[in-house]
Amino acid sequence: MIIDDLQIADCGLTEAQLIDIRRYLHQIPELALQEVQTSATLKAIMHQFKQDHIEIITLPELPTAILVKVHGTNAQRTIGYRTDMDALAVSEDNDLSFKSTNPGKMHACGHDIHMTVALGILSYFANHQPSDNLIFIFQPAEENFAGGMRLYESGILSGANQIDELYALHTNPDLAAGTIGCRNGTLFAGTTEIHAEFTGISGHAAFPHQANDMVVALSQWLVQLQTIVARNVDPIKGGVVTIGNVSAGTANNVIAGSAQAHGTIRALQQPTIDLIKERVTAITRGIEASFGCQIKLTLNQDGYFPVVNAPQITARFINYVSSNPAINYVETQPAMTGEDFGYLVAKIPGMMFWLGVDSPAALHSSKYLANEAAIMAAVKTMIGFIESRMKEED
Ligand SMILES: CC(=O)N[C@@H](CCC[C@H](N)C(=O)O)C(=O)O
(Lines give C-alpha, C1' and ligand atoms only; values in the text may rest on other atoms or scores of the structure.)
Protein backbone atom coordinates (compact mmCIF):
# COMPACT_ATOMS: atom_id res chain seq x y z
CA MET A 1 0.00 0.00 0.00
CA ILE A 2 1.16 3.50 -0.90
CA ILE A 3 1.19 4.65 2.72
CA ASP A 4 4.41 2.73 3.48
CA ASP A 5 6.75 4.74 1.25
CA LEU A 6 5.27 8.09 0.42
CA GLN A 7 8.27 10.08 -0.92
CA ILE A 8 6.94 13.38 0.38
CA ALA A 9 7.64 16.32 -1.91
CA ASP A 10 8.62 19.77 -0.67
CA CYS A 11 5.03 21.02 -1.02
CA GLY A 12 3.77 18.09 1.06
CA LEU A 13 1.54 15.26 -0.10
CA THR A 14 0.59 15.58 -3.77
CA GLU A 15 -2.98 15.47 -5.03
CA ALA A 16 -2.45 11.91 -6.34
CA GLN A 17 -1.08 10.77 -2.95
CA LEU A 18 -3.97 12.42 -1.12
CA ILE A 19 -6.50 10.68 -3.38
CA ASP A 20 -4.80 7.32 -2.75
CA ILE A 21 -4.90 7.97 1.02
CA ARG A 22 -8.57 8.99 0.89
CA ARG A 23 -9.45 5.84 -1.04
CA TYR A 24 -7.58 3.67 1.44
CA LEU A 25 -9.36 5.33 4.40
CA HIS A 26 -12.68 4.97 2.58
CA GLN A 27 -12.16 1.20 2.44
CA ILE A 28 -11.61 0.79 6.18
CA PRO A 29 -14.53 2.66 7.86
CA GLU A 30 -14.82 2.08 11.61
CA LEU A 31 -17.54 3.14 14.03
CA ALA A 32 -17.14 5.67 16.85
CA LEU A 33 -14.44 4.74 19.40
CA GLN A 34 -13.42 1.74 17.27
CA GLU A 35 -11.17 3.66 14.81
CA VAL A 36 -8.16 1.39 15.45
CA GLN A 37 -7.03 0.69 11.88
CA THR A 38 -7.84 4.26 10.84
CA SER A 39 -5.71 5.65 13.66
CA ALA A 40 -2.82 3.26 12.89
CA THR A 41 -2.97 4.26 9.20
CA LEU A 42 -2.87 7.96 10.02
CA LYS A 43 0.09 7.47 12.37
CA ALA A 44 1.95 5.40 9.75
CA ILE A 45 1.59 8.32 7.33
CA MET A 46 2.51 10.97 9.91
CA HIS A 47 5.69 9.11 10.85
CA GLN A 48 6.89 9.70 7.30
CA PHE A 49 6.69 13.48 7.71
CA LYS A 50 9.78 15.43 8.83
CA GLN A 51 9.83 14.87 12.54
CA ASP A 52 12.14 17.59 13.94
CA HIS A 53 9.41 20.15 14.71
CA ILE A 54 6.50 17.69 14.87
CA GLU A 55 5.26 16.00 18.01
CA ILE A 56 2.72 13.17 17.77
CA ILE A 57 0.71 12.87 20.98
CA THR A 58 -1.66 10.03 21.93
CA LEU A 59 -4.06 9.76 24.86
CA PRO A 60 -4.44 6.58 26.92
CA GLU A 61 -8.05 7.48 27.77
CA LEU A 62 -9.02 7.97 24.10
CA PRO A 63 -6.67 5.55 22.33
CA THR A 64 -7.68 6.20 18.71
CA ALA A 65 -7.29 9.99 19.00
CA ILE A 66 -4.14 11.67 17.68
CA LEU A 67 -2.87 15.17 18.38
CA VAL A 68 -0.09 16.51 16.22
CA LYS A 69 1.74 19.57 17.42
CA VAL A 70 3.76 21.50 14.86
CA HIS A 71 6.14 23.73 16.80
CA GLY A 72 6.44 27.24 15.35
CA THR A 73 9.69 29.15 14.88
CA ASN A 74 8.43 32.23 16.72
CA ALA A 75 4.97 31.43 18.03
CA GLN A 76 2.59 34.32 18.74
CA ARG A 77 -0.39 31.98 18.95
CA THR A 78 -1.48 28.37 18.56
CA ILE A 79 -3.82 27.64 15.67
CA GLY A 80 -5.86 24.43 15.88
CA TYR A 81 -7.34 22.34 13.07
CA ARG A 82 -9.68 19.46 13.84
CA THR A 83 -10.85 16.47 11.83
CA ASP A 84 -13.13 13.63 12.85
CA MET A 85 -12.34 9.98 12.06
CA ASP A 86 -15.38 7.73 12.55
CA ALA A 87 -17.80 6.17 10.06
CA LEU A 88 -21.49 5.26 10.14
CA ALA A 89 -23.49 2.03 10.42
CA VAL A 90 -24.53 2.23 6.75
CA SER A 91 -23.96 -0.43 4.04
CA GLU A 92 -22.27 1.23 1.10
CA ASP A 93 -24.27 1.12 -2.11
CA ASN A 94 -21.66 2.58 -4.47
CA ASP A 95 -19.95 0.58 -7.17
CA LEU A 96 -16.32 1.60 -6.56
CA SER A 97 -12.91 -0.05 -6.74
CA PHE A 98 -12.32 1.44 -3.27
CA LYS A 99 -15.71 0.59 -1.76
CA SER A 100 -15.96 -0.08 1.99
CA THR A 101 -14.53 -3.46 2.91
CA ASN A 102 -16.17 -3.41 6.35
CA PRO A 103 -19.71 -4.77 5.93
CA GLY A 104 -22.42 -2.48 7.31
CA LYS A 105 -19.98 0.42 7.79
CA MET A 106 -19.33 3.34 5.53
CA HIS A 107 -17.76 6.79 5.43
CA ALA A 108 -21.17 8.20 4.52
CA CYS A 109 -20.49 11.53 6.23
CA GLY A 110 -17.22 12.38 4.48
CA HIS A 111 -14.84 11.88 7.40
CA ASP A 112 -12.43 10.10 5.00
CA ILE A 113 -12.21 13.40 3.10
CA HIS A 114 -11.90 15.38 6.36
CA MET A 115 -8.93 13.27 7.53
CA THR A 116 -7.23 13.45 4.14
CA VAL A 117 -7.50 17.23 4.01
CA ALA A 118 -5.99 17.46 7.52
CA LEU A 119 -3.08 15.23 6.45
CA GLY A 120 -2.55 17.38 3.36
CA ILE A 121 -2.30 20.59 5.40
CA LEU A 122 -0.10 18.91 8.02
CA SER A 123 2.27 17.48 5.38
CA TYR A 124 2.86 20.98 4.00
CA PHE A 125 3.72 22.43 7.41
CA ALA A 126 5.95 19.43 8.13
CA ASN A 127 8.14 20.72 5.29
CA HIS A 128 7.57 24.45 5.88
CA GLN A 129 7.93 25.10 9.57
CA PRO A 130 5.29 27.69 10.53
CA SER A 131 6.01 30.73 12.71
CA ASP A 132 3.00 30.01 14.96
CA ASN A 133 2.34 26.70 16.67
CA LEU A 134 -0.23 24.49 14.96
CA ILE A 135 -2.17 21.67 16.61
CA PHE A 136 -3.95 19.12 14.43
CA ILE A 137 -6.66 17.19 16.27
CA PHE A 138 -7.65 13.82 14.81
CA GLN A 139 -10.77 13.18 16.84
CA PRO A 140 -12.65 9.89 17.15
CA ALA A 141 -16.38 9.53 17.71
CA GLU A 142 -18.10 12.50 16.10
CA GLU A 143 -21.23 10.61 15.06
CA ASN A 144 -21.88 9.24 18.55
CA PHE A 145 -20.26 9.35 22.00
CA ALA A 146 -18.97 12.94 21.71
CA GLY A 147 -15.29 12.30 21.02
CA GLY A 148 -14.60 16.06 20.91
CA MET A 149 -15.97 16.53 24.41
CA ARG A 150 -14.05 13.51 25.69
CA LEU A 151 -10.84 14.79 24.15
CA TYR A 152 -11.28 18.25 25.66
CA GLU A 153 -12.19 16.85 29.07
CA SER A 154 -9.04 14.71 29.10
CA GLY A 155 -7.17 18.00 29.67
CA ILE A 156 -4.88 17.44 26.67
CA LEU A 157 -5.79 20.86 25.24
CA SER A 158 -4.67 22.77 28.32
CA GLY A 159 -1.28 24.21 29.30
CA ALA A 160 1.28 23.94 26.48
CA ASN A 161 -1.41 22.60 24.10
CA GLN A 162 -3.86 25.43 24.63
CA ILE A 163 -5.35 26.48 21.28
CA ASP A 164 -6.13 30.16 20.59
CA GLU A 165 -8.31 29.63 17.54
CA LEU A 166 -9.75 26.43 16.14
CA TYR A 167 -10.92 25.53 12.62
CA ALA A 168 -12.71 22.56 11.06
CA LEU A 169 -14.63 21.70 7.92
CA HIS A 170 -17.50 19.45 6.97
CA THR A 171 -18.21 18.10 3.50
CA ASN A 172 -21.36 19.35 1.82
CA PRO A 173 -23.01 17.31 -0.96
CA ASP A 174 -24.95 20.26 -2.39
CA LEU A 175 -22.08 22.64 -3.12
CA ALA A 176 -19.78 22.37 -6.14
CA ALA A 177 -16.52 20.52 -5.46
CA GLY A 178 -14.07 22.76 -3.61
CA THR A 179 -16.58 25.53 -2.83
CA ILE A 180 -16.23 26.95 0.68
CA GLY A 181 -19.54 27.66 2.43
CA CYS A 182 -19.74 29.48 5.72
CA ARG A 183 -21.63 31.93 7.88
CA ASN A 184 -21.02 33.89 11.05
CA GLY A 185 -23.03 32.71 14.08
CA THR A 186 -24.83 29.37 14.21
CA LEU A 187 -23.84 26.97 11.43
CA PHE A 188 -25.11 23.62 12.82
CA ALA A 189 -27.86 22.61 15.23
CA GLY A 190 -27.48 21.18 18.70
CA THR A 191 -28.69 17.59 19.02
CA THR A 192 -29.90 15.19 21.68
CA GLU A 193 -30.18 11.42 21.26
CA ILE A 194 -33.43 9.76 22.28
CA HIS A 195 -33.33 6.18 23.58
CA ALA A 196 -36.61 4.57 24.69
CA GLU A 197 -37.04 1.02 26.04
CA PHE A 198 -40.70 -0.09 26.22
CA THR A 199 -41.71 -2.91 28.57
CA GLY A 200 -45.21 -4.47 28.49
CA ILE A 201 -46.46 -8.08 28.41
CA SER A 202 -45.90 -10.49 25.52
CA GLY A 203 -48.51 -13.02 24.47
CA HIS A 204 -50.31 -14.93 21.74
CA ALA A 205 -51.54 -12.87 18.76
CA ALA A 206 -54.98 -14.38 19.25
CA PHE A 207 -55.38 -13.11 22.85
CA PRO A 208 -54.47 -9.38 22.81
CA HIS A 209 -56.57 -8.75 25.92
CA GLN A 210 -54.16 -10.91 27.95
CA ALA A 211 -51.04 -9.06 26.73
CA ASN A 212 -49.76 -5.49 26.59
CA ASP A 213 -48.55 -4.84 23.06
CA MET A 214 -45.45 -2.65 22.84
CA VAL A 215 -45.60 -2.37 19.04
CA VAL A 216 -48.88 -0.48 19.42
CA ALA A 217 -47.55 1.62 22.33
CA LEU A 218 -44.38 2.52 20.42
CA SER A 219 -46.38 3.38 17.29
CA GLN A 220 -48.63 5.78 19.22
CA TRP A 221 -45.61 7.31 20.97
CA LEU A 222 -43.80 7.81 17.65
CA VAL A 223 -46.78 9.53 16.03
CA GLN A 224 -47.35 11.74 19.10
CA LEU A 225 -43.67 12.82 18.99
CA GLN A 226 -44.33 14.19 15.51
CA THR A 227 -46.76 16.72 17.01
CA ILE A 228 -43.94 18.44 18.94
CA VAL A 229 -42.41 20.33 16.03
CA ALA A 230 -45.82 20.81 14.42
CA ARG A 231 -47.56 22.13 17.55
CA ASN A 232 -45.10 23.11 20.30
CA VAL A 233 -42.07 24.65 18.59
CA ASP A 234 -42.17 28.22 17.31
CA PRO A 235 -42.14 27.67 13.53
CA ILE A 236 -39.75 30.58 13.07
CA LYS A 237 -37.25 28.81 15.33
CA GLY A 238 -37.78 25.29 13.95
CA GLY A 239 -36.70 21.90 15.12
CA VAL A 240 -36.50 18.23 14.20
CA VAL A 241 -37.57 15.02 15.94
CA THR A 242 -36.47 11.92 14.01
CA ILE A 243 -36.72 8.33 15.18
CA GLY A 244 -34.29 6.53 12.88
CA ASN A 245 -34.27 3.11 14.46
CA VAL A 246 -37.02 0.97 15.99
CA SER A 247 -37.09 -2.70 16.87
CA ALA A 248 -39.67 -5.00 18.42
CA GLY A 249 -41.04 -8.49 18.24
CA THR A 250 -39.88 -11.87 17.06
CA ALA A 251 -42.76 -13.38 15.06
CA ASN A 252 -45.96 -12.36 13.26
CA ASN A 253 -48.17 -14.19 15.73
CA VAL A 254 -46.48 -13.20 18.98
CA ILE A 255 -47.41 -9.93 20.70
CA ALA A 256 -44.21 -8.03 21.49
CA GLY A 257 -43.73 -7.39 25.20
CA SER A 258 -40.79 -5.08 24.56
CA ALA A 259 -39.76 -2.51 21.96
CA GLN A 260 -36.89 -0.08 21.48
CA ALA A 261 -36.51 3.22 19.69
CA HIS A 262 -33.45 5.39 18.97
CA GLY A 263 -33.74 8.86 17.55
CA THR A 264 -32.49 12.40 17.61
CA ILE A 265 -33.69 15.92 18.44
CA ARG A 266 -32.32 18.95 16.56
CA ALA A 267 -32.70 22.71 16.99
CA LEU A 268 -30.56 25.75 16.34
CA GLN A 269 -31.02 27.23 19.82
CA GLN A 270 -30.53 25.49 23.16
CA PRO A 271 -33.88 26.67 24.66
CA THR A 272 -35.71 24.98 21.75
CA ILE A 273 -33.78 21.75 22.37
CA ASP A 274 -34.77 21.98 26.05
CA LEU A 275 -38.44 22.55 25.12
CA ILE A 276 -38.43 19.52 22.78
CA LYS A 277 -36.83 17.38 25.52
CA GLU A 278 -39.59 18.42 27.94
CA ARG A 279 -42.30 17.50 25.43
CA VAL A 280 -40.67 14.13 24.60
CA THR A 281 -40.61 13.37 28.33
CA ALA A 282 -44.24 14.43 28.85
CA ILE A 283 -45.49 12.40 25.87
CA THR A 284 -43.51 9.38 27.08
CA ARG A 285 -45.07 9.62 30.57
CA GLY A 286 -48.51 9.96 28.92
CA ILE A 287 -48.00 6.81 26.83
CA GLU A 288 -46.85 4.96 29.97
CA ALA A 289 -50.03 5.99 31.78
CA SER A 290 -52.40 5.27 28.91
CA PHE A 291 -50.90 1.90 27.95
CA GLY A 292 -49.99 0.79 31.50
CA CYS A 293 -46.42 0.00 30.42
CA GLN A 294 -42.94 1.10 31.50
CA ILE A 295 -40.74 3.23 29.26
CA LYS A 296 -37.11 3.86 30.18
CA LEU A 297 -36.35 7.14 28.44
CA THR A 298 -32.83 8.52 28.04
CA LEU A 299 -32.19 11.92 26.47
CA ASN A 300 -28.49 12.42 25.90
CA GLN A 301 -27.04 15.67 24.57
CA ASP A 302 -23.42 15.07 25.61
CA GLY A 303 -21.30 17.62 23.74
CA TYR A 304 -23.59 18.14 20.78
CA PHE A 305 -24.20 21.84 21.34
CA PRO A 306 -25.11 24.11 18.42
CA VAL A 307 -22.01 24.97 16.40
CA VAL A 308 -21.77 28.72 16.90
CA ASN A 309 -18.98 30.25 14.82
CA ALA A 310 -17.02 32.90 16.73
CA PRO A 311 -17.65 36.40 15.28
CA GLN A 312 -14.12 37.80 14.87
CA ILE A 313 -12.46 34.55 13.79
CA THR A 314 -15.23 33.82 11.29
CA ALA A 315 -15.25 37.37 9.88
CA ARG A 316 -11.49 37.09 9.27
CA PHE A 317 -11.87 33.70 7.58
CA ILE A 318 -14.76 34.87 5.39
CA ASN A 319 -12.79 37.97 4.45
CA TYR A 320 -9.87 35.74 3.35
CA VAL A 321 -11.90 33.26 1.31
CA SER A 322 -14.24 35.81 -0.24
CA SER A 323 -11.46 38.13 -1.37
CA ASN A 324 -9.31 35.37 -2.88
CA PRO A 325 -10.16 34.93 -6.58
CA ALA A 326 -8.91 31.32 -6.55
CA ILE A 327 -11.54 30.36 -3.95
CA ASN A 328 -15.21 29.89 -4.68
CA TYR A 329 -17.04 31.13 -1.55
CA VAL A 330 -20.77 31.16 -0.79
CA GLU A 331 -22.61 32.25 2.33
CA THR A 332 -24.71 29.34 3.63
CA GLN A 333 -27.79 29.00 5.82
CA PRO A 334 -27.72 27.20 9.21
CA ALA A 335 -28.28 23.44 8.91
CA MET A 336 -29.90 20.87 11.20
CA THR A 337 -26.85 18.63 11.06
CA GLY A 338 -25.18 18.25 14.44
CA GLU A 339 -21.52 18.14 15.45
CA ASP A 340 -19.68 17.75 18.71
CA PHE A 341 -17.43 20.50 17.33
CA GLY A 342 -20.18 22.58 19.00
CA TYR A 343 -18.67 21.55 22.33
CA LEU A 344 -15.15 22.48 21.24
CA VAL A 345 -16.19 25.94 20.01
CA ALA A 346 -18.05 26.50 23.28
CA LYS A 347 -14.63 26.08 24.97
CA ILE A 348 -12.21 27.42 22.36
CA PRO A 349 -12.95 30.33 19.98
CA GLY A 350 -13.31 28.81 16.55
CA MET A 351 -15.35 28.14 13.47
CA MET A 352 -16.48 25.46 11.04
CA PHE A 353 -17.10 25.77 7.34
CA TRP A 354 -18.60 23.60 4.62
CA LEU A 355 -16.49 22.09 1.85
CA GLY A 356 -18.49 21.38 -1.28
CA VAL A 357 -18.03 17.83 -2.60
CA ASP A 358 -20.88 17.74 -5.14
CA SER A 359 -22.22 14.31 -4.09
CA PRO A 360 -25.13 12.81 -6.06
CA ALA A 361 -26.62 11.60 -2.75
CA ALA A 362 -27.16 13.17 0.68
CA LEU A 363 -25.01 12.99 3.80
CA HIS A 364 -25.58 9.64 5.60
CA SER A 365 -26.87 8.07 2.36
CA SER A 366 -25.49 4.67 1.28
CA LYS A 367 -24.72 6.37 -2.04
CA TYR A 368 -22.82 9.37 -0.61
CA LEU A 369 -19.89 10.00 -2.93
CA ALA A 370 -17.52 12.95 -2.73
CA ASN A 371 -15.84 14.49 -5.75
CA GLU A 372 -12.14 14.18 -4.87
CA ALA A 373 -11.25 17.50 -6.54
CA ALA A 374 -12.48 19.05 -3.30
CA ILE A 375 -9.52 17.63 -1.34
CA MET A 376 -6.75 19.71 -2.88
CA ALA A 377 -9.01 22.78 -3.01
CA ALA A 378 -9.51 22.56 0.76
CA VAL A 379 -5.83 21.85 1.45
CA LYS A 380 -4.76 24.90 -0.57
CA THR A 381 -7.44 27.10 1.03
CA MET A 382 -6.38 26.20 4.56
CA ILE A 383 -2.63 26.45 3.89
CA GLY A 384 -3.16 29.88 2.32
CA PHE A 385 -5.41 31.00 5.15
CA ILE A 386 -3.06 29.81 7.92
CA GLU A 387 -0.07 31.44 6.21
CA SER A 388 -1.89 34.76 5.89
CA ARG A 389 -3.21 34.49 9.47
CA MET A 390 0.34 33.97 10.78
CA LYS A 391 1.41 37.29 9.25
CA GLU A 392 -1.19 39.19 11.30
CA GLU A 393 -0.33 40.84 14.60
CA ASP A 394 -3.52 40.32 16.62
C1 LIG B 1 -22.47 16.00 10.57
C2 LIG B 1 -23.35 14.95 11.09
O3 LIG B 1 -24.05 14.32 10.34
N4 LIG B 1 -23.32 14.76 12.42
C5 LIG B 1 -24.21 13.88 13.10
C6 LIG B 1 -24.06 14.07 14.60
C7 LIG B 1 -24.95 13.15 15.42
C8 LIG B 1 -25.12 13.61 16.84
C9 LIG B 1 -25.86 12.64 17.74
N10 LIG B 1 -25.22 11.36 17.81
C11 LIG B 1 -27.31 12.48 17.30
O12 LIG B 1 -27.62 11.53 16.56
O13 LIG B 1 -28.12 13.28 17.71
C14 LIG B 1 -25.65 14.17 12.70
O15 LIG B 1 -26.44 13.21 12.65
O16 LIG B 1 -26.00 15.33 12.44
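Residues numbered from 1 in each chain as written. Predicted model: local features only at pLDDT ≥ 70, side-chain atom pairs only at ≥ 80, totals over all residues. Heavy atoms only, no water.

Going by what an unreviewed UniProt entry lists, the protein chain is known as N-acetyldiaminopimelate deacetylase and is assigned to Periweissella ghanensis.

Peer 1: Tell me what's going on with the pairing of strand β16 (residues 350-356), and back it up with residues and numbers.
Peer 2: Of all 7 residues that make up β16, 7 are buried, and the element is covered over most of its length. The alternating pattern of β16 places G350, M352, W354 and G356 and M351, F353 and L355 on opposite faces, both of which are buried. Here 7 bridges tie strand β5 (residues 165-172) to β16, and the two strands are oriented parallel to one another. Bridge assignment links T171 to a residue of β16, and that residue is L355. Examined bridge by bridge, strand β6 (residues 180-182) and β16 share 2 bridges and lie antiparallel to one another. When the bridges of β16 are listed, G181 appears paired with W354. (Buried < 20%, exposed > 50% of the residue type's maximum accessible area, 1.4 Å probe, protein only. Helix = DSSP H or I, 4+ residues; strand = E, 2+ residues; numbered from the N terminus. Pairing = 2+ DSSP bridges.)

Peer 1: Give a description of helix α2 (residues 36-46) that names residues and reports values.
Peer 2: Buried residues of α2: T38, S39, T41, L42, I45 and M46, and no others. What you see down the axis of α2 is that its buried residues fit within an arc of 160°, all on one side. The elements touched by buried residues of α2 are α1 (15-27), β1 (54-59), β2 (62-70), α3 (111-127) and β4 (133-139). (Arc of directions from axis to C-beta. Contact = heavy atoms within 4.5 Å.)

Peer 1: Account for the UniProt feature "domain: Peptidase M20 dimerisation" (unreviewed entry) in the protein chain, with residues named and values stated.
Peer 2: The positions UniProt marks with the feature "domain: Peptidase M20 dimerisation" (unreviewed entry) are residues 191-283. Across residues 191-283, helical content stands at 34% and strand content at 34%; the span's end C-alpha atoms are separated by 19 Å. (UniProt positions renumbered as here; feature names shortened; annotations may be inferred.)

Peer 1: Give me the site of the ligand: which residues, what numbers.
Peer 2: Lining the immediate surroundings of the ligand are 13 residues, of which E143, E193, T264, R266 and G338 lie closest. Contact between the ligand and E143: a nitrogen atom at 2.6 Å from a main-chain N or O atom of the residue. Between the ligand and G338, the relevant distance is 2.8 Å, taken from an oxygen atom to a main-chain nitrogen or oxygen of the residue. Starting from 410 Å² of accessible surface for the ligand in isolation, the protein chains cover 92%. More than half of the atoms of the ligand fall within 2 Å of the grid points belonging to the largest pocket. Put simply, the parts of the chain that give the shell around the ligand at least two residues each are β8 (190-199) and β12 (258-267). Grouping the constituent residues of the shell around the ligand by class yields 2 nonpolar, 7 polar and 4 charged. (Near = heavy atom within 4 Å. Polar contact = N/O pair within 3.5 Å; in protein donor to acceptor, adjacent residues only side chain to side chain. Areas by Shrake-Rupley, 256 points an atom, 1.4 Å probe, with all protein chains shown as cover. 1 Å grid on protein atoms, 1.4 Å probe; cavity = no way out; pocket = protein on both sides within 12 Å on 5 of 7 lines; lining within 4 Å. Sits in = over half its atoms within 2 Å of the grid points. Nonpolar A, V, L, I, M, F, W, Y, C, P; charged D, E, K, R; others polar.)

Peer 1: So what about the sheet that holds strand β10 (residues 240-248)? Which residues, and what values?
Peer 2: Across the sheet, 4 strands lie side by side as β10-β12-β8-β13; this open sheet has antiparallel pairing. Strands at the two margins of the open sheet, each flanked by one partner only, are β10 and β13 (294-300). Between one strand and the next, the sheet's axes are offset by a mean angle of 15°, whatever the strand orientation. Strand direction decides the pairing type here: β10 and β12, joined by 8 bridges, are antiparallel. (Axes fitted to C-alpha atoms, helices over the stretch in contact; angles between N-to-C directions.)

Peer 1: Explain the nonpolar core residue by residue, including any values.
Peer 2: The biggest cluster of nonpolar side chains holds 89 residues, and the ones touching the most others in it are V117, I121 and F138. The residues touching I121, leaving out its near neighbours within four places in the chain, are Y81, F136, V379, M382, I383 and I386. The next biggest cluster of nonpolar side chains, apart from the first, holds 24 residues, and it includes I194, I243, I265 and L297. (Core = buried A, V, L, I, M, F, W, Y, C linked by side-chain atoms within 4.5 Å.)

Peer 1: Give me the lowdown on helix α6 (residues 270-291), citing residues and values where you can.
Peer 2: In this model α6 runs 32 Å from its N-terminal to its C-terminal C-alpha over 22 residues, within 8% of the 32 Å that 1.5 Å per residue would give. Restricting attention to buried positions, one finds in α6 the residues T272, I273, I276, K277, V280, I283, T284, I287 and E288. The buried residues of α6 all sit within an arc of 150° when viewed along its axis, so they share a single face. Opposite the buried face of α6, at more than 90 degrees from it, the exposed residues are P271, E278, A289 and S290. Close packing links the buried residues of α6 with β8, α5 (214-231), β10, β12 and β13. Of the residues flanking the end of α6, it is G292, one or two places downstream, whose phi is positive at about 60°. (Expected span 1.5 Å × (residues − 1).)

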